[in-house]
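Chains, contacts and geometry: an overview
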Amino acid sequence: MSTQLADPAVVRDALQSLATALEGRGFAARLRGGEGSSLHLFVMNPKAPVLTEHIMIAPDAEGEWSFWFPWPERITLVTNVTEAADRIERVLAEVDR
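A brief structural summary.

Here is what the cut-offs are and how they apply
- Residues numbered from 1 in each chain as written.
- Predicted model: local features only at pLDDT ≥ 70, side-chain atom pairs only at ≥ 80, totals over all residues.
- Heavy atoms only, no water.
- Phe/Tyr/Trp six-rings, centres within 6.5 Å; stacked < 30°, edge-to-face > 60°.
- Lys NZ or Arg CZ within 6 Å of the ring centre and 35° of its normal.
- Pairing = 2+ DSSP bridges.
- Helix = DSSP H or I, 4+ residues; strand = E, 2+ residues; numbered from the N terminus.
- Axes fitted to C-alpha atoms, helices over the stretch in contact; angles between N-to-C directions.
- Contact = heavy atoms within 4.5 Å.
- Core = buried A, V, L, I, M, F, W, Y, C linked by side-chain atoms within 4.5 Å.
- Buried < 20%, exposed > 50% of the residue type's maximum accessible area, 1.4 Å probe, protein only.
- Salt bridge = Lys/Arg side-chain N within 4 Å of Asp/Glu carboxyl O.

1. A closer look at the packing of aromatic side chains
Going through the model one piece at a time under the given rule, you end up with one aromatic pair. With a centroid separation of 4.4 Å and 10 degrees between ring planes, the pair formed by Phe 69 and Trp 71 is classed as stacked. The ring of Phe 42 has Arg 32 sitting right over it, with the charged end atom 4.2 Å from the ring centre.

If you want it as structure tokens, here you go:
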């Protein structure tokens, strides 16, 4: 799987799948970067615009491709889009969400 994800189109598709899942939960999500900078997903909570995050894809210590927060903390494998969306939603949730 790691060689497959090295393809920028595959990385873009994985981030786009996550964006679609997050948009379905009411978040704004846009792909950013490429051509000289790493492709990542910018996510914003429109009900609390100060709550934003940049989500990246990179291999973990075992070489498995995962979604990552920038601080860096692994979210989950790229194959677990729902789990990734759940975790990101918890991080970007406004009070009483």
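2. Some thoughts on the sheet that holds strand E4 (residues 65-69)
Hydrogen bonds along the backbone pair up the strands of a sheet, which may run parallel or antiparallel. Taken in spatial order, the five strands of this open sheet run E1-E2-E3-E4-E5, and their pairing is antiparallel. Single-partner strands in this sheet number two, and they are strand E1 (28-32) and strand E5 (73-77). Averaged over all neighbouring strand pairs, the angle between strand axes comes to 30 degrees, with direction disregarded. As defined by bridge partners, strand E3 (residues 52-59) adjoins E4 across four bridges and the pair is classed as antiparallel. By the bridge assignment, Ile 57 is partnered in E4 with Phe 67. Taken strand by strand, helix H2 (residues 8-23) contacts E1, strand E2 (40-44), E3 and E4, and its axis lies near 10 degrees from that of E2.

3. With respect to the nonpolar core
Core analysis: the biggest nonpolar cluster contains 23 residues, and Leu 18, Leu 41, Val 43, Ile 55, Phe 67 and Ile 88 have the highest contact counts within it. For this core, the elements supplying multiple residues, two or more each, are H2, E2, E3, E4 and helix H3 (81-92). Beyond its immediate stretch of four places on either side in the chain, Leu 41 contacts Leu 15, Leu 18, Ala 19, Leu 22, Ala 29, Arg 30, Leu 31, Glu 53, His 54 and Ile 55.

4. Description of the pattern of salt bridges
Considering all chains together, one arrives at four salt bridges under this definition. Residue Arg 25 is joined to Glu 89 by a salt bridge in which the shortest nitrogen-to-oxygen separation is 2.7 Å. With a gap of 64 residues between them, Arg 25 in the loop between H2 and E1 and Glu 89 in helix H3 connect regions that are remote in the sequence. Judged by relative accessible area, Glu 89 falls into the partly exposed class, the value being 22%. Between Asp 60 and Arg 74 there is a salt bridge; the shortest N-O distance is 3.3 Å. One end of the pair, Asp 60, is in the loop between E3 and E4; the other, Arg 74, is in strand E5, and 14 residues separate them in sequence. Connected via shared salt-bridge partners are Arg 25, Asp 86 and Glu 89.

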